[in-house]
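Residues per chain, in single letters:
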Amino acid sequence: MFDQKENRELISLFEKLRVTDVRDGMDWMGYHHYGSVHHSIRPLFRPRLSTIGIARTTRYVPYEGPVPALPPEEYTKWVKMYYAEICYDPWNADIQPGDFVCIDIAGVDVGLLGSNNTLDCKKKGCVGFVTNGGGIRDTDECVIQGINVWSKFISHGMDQARIRYIDKDIPIAIGGVAIYPGDIIVADGDGVIAVPRKIARGVAKYAWQEASADKKARKQFYIDLGMELDETV
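Description of the structure in this document.

Rules used in this analysis
Residues numbered from 1 in each chain as written. Predicted model: local features only at pLDDT ≥ 70, side-chain atom pairs only at ≥ 80, totals over all residues. Heavy atoms only, no water. Phe/Tyr/Trp six-rings, centres within 6.5 Å; stacked < 30°, edge-to-face > 60°. Helix = DSSP H or I, 4+ residues; strand = E, 2+ residues; numbered from the N terminus. Buried < 20%, exposed > 50% of the residue type's maximum accessible area, 1.4 Å probe, protein only. Salt bridge = Lys/Arg side-chain N within 4 Å of Asp/Glu carboxyl O. Arc of directions from axis to C-beta. Polar contact = N/O pair within 3.5 Å; in protein donor to acceptor, adjacent residues only side chain to side chain. Pairing = 2+ DSSP bridges. Right-handed = clockwise from strand over helix to strand, strands pointing away.

## Focus: the packing of aromatic side chains
In this structure the tally under the stated criterion is eight aromatic pairs. Ring plane angle 50 degrees and centroid distance 4.9 Å describe the contact between Tyr88 and Tyr165, whose orientation is recorded as tilted. Remark: Tyr165 occurs in strand β6 (residues 163-168) and Tyr88 occurs in the loop between α3 (72-85) and β3 (99-104); sequence separation between them is 77 residues. The exposure class of Tyr165 is buried, given its relative accessible area of 10%. Here a set of aromatic residues connected by ring pairs shows up, and it is made of Tyr63, Tyr75, Trp78, Tyr82 and Tyr83.

## Quick look at the pattern of salt bridges
Under the defined criterion, the tally for this structure stands at 16 salt bridges. Its salt-bridge partner being Arg18, residue Asp214 comes within 3.2 Å of it at the nearest N-O pair. Placement of the pair is Asp214 in helix α6 (residues 200-225) and Arg18 in the loop between α1 (4-14) and α2 (19-28), with a sequence separation of 196 residues. The exposure class assigned to Arg18 is partly exposed, which follows from its relative accessible area of 35%. In this structure, the salt-bridge partner of Arg23 is Asp27, at a minimum N-O distance of 3.0 Å. Here Asp27 and Arg23 lie together in helix α2, a separation of four residues that amounts to about one turn. One salt-bridge network, in which partners are shared between bridges, spans Arg56, Asp94, Asp99, Lys168 and Asp169.

## Overview of α1
Of the residues making up α1, those classed as buried are Asn7, Leu10, Ile11 and Phe14. On an axial view of α1, the arc spanned by its buried residues comes to 100 degrees, and they lie on one face. Opposite the buried face of α1, at more than 90 degrees from it, the exposed residues are Lys5 and Arg8. The distance from a side-chain oxygen at the start of α1 to the backbone nitrogen of Lys5 is 3.2 Å, and the residue carrying that oxygen is Asp3.

## Examining the pairing of strand β2 (residues 51-62)
Among the twelve residues in β2, nine count as buried, and that is most of the element. Summarising the sheet, β2 and strand β9 (residues 184-188) pair through four bridges and their orientation is antiparallel. Bridge pairing links Ile52 to Val186 in β9. Summarising the sheet, β2 and β3 pair through six bridges and their orientation is parallel. Each residue of the ladder has a partner; that of Arg56, found in β3, is Val101. Read as a crossover between parallel neighbours, the route from β2 over α3 to β3 is right-handed. Bridge count between β2 and β6: five bridges; the pairing is antiparallel. Following the sheet pairing, Thr58 is matched in β6 by Lys168.

## Examining unusual backbone geometry
Of note, the bond from Gly65 into Pro66 is cis; its omega dihedral lies within 30 degrees of zero at -5 degrees. Relative to the helices and strands, Pro66 resides in the loop between β2 and α3. Positioned with a positive phi, Ala161 is a non-glycine residue whose angle comes to about 65 degrees. The exposure class assigned to Ala161 is partly exposed, which follows from its relative accessible area of 22%. The phi angle at Asp169 is positive, at roughly 55 degrees, despite the residue not being glycine. Inspection of the secondary structure assignment puts Asp169 in the loop between β6 and β7 (172-174). Under the relative-accessibility criterion, Asp169 is labelled partly exposed at 27%.

Here you go:
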C-alpha cells in the first residue's frame, strides 16, 4: 500500500523514542489533543523498548446471530463455514515487514488474536498489535513468544458467533484516536500513540529535540548520584 523504502525511513526516525517523547513531538506540531490512545489500552507485558511500526488497519463488528442450536459434530462444520465466510482475516495475507496491526474490534470480548495466528503474523514481519477490545488469548504462550499486544483486556472466547469481519485498509478508531493506514504507531509500557503520516517527520524532529534534552539532564543526575550509566542516557 505504501512504499516500503519510505516506511523503513519513517520507522527509523522514531527508533528508540519513547511514547512520551513522541507525545511531546505531537504537541510541538500543534496536535495536543490527538494521537494518544486511551490509557485503558495496555500492553500484555512491558516491552524492554518501544515498538514502532506502520499501521495496517482492519475492522470487525459484533456478530448479530443467531447462533444455531447444533450437536457438537454439526457445530464443527458450522464453525468452518463461519471462519470461511463471516470471520476471516484477509489483512493477514497483506502484512509487510514493519507493520503494526491495528484492529477495531468494537470493544467485543473475543480472542481474535492467540498464540497461533500471532506467530503467523510475526513470521511475515508484524511488529505488534493494538485492539480496542479483548482481542488476545493464550496469553502465557504469547508472552513467551514475545508477541507485542496492546489491548483493553484479555479474552477467553474464540471468534465464532462473536464478531464479523467488515473491511481492511480503512480509517478506524481505537481508544478515541482515528488511525489511518500508513500512520506511525509507537507503543511501550506507557501505552500507544498514533502519528499521522503527513506530520511524521516533524513529530520525530521535535520528539528527538525533547528526548535529547531529557537524556542530557538525566545523564548528569546519574553522574552526580554515582549511578552506572545505561542505554537510556
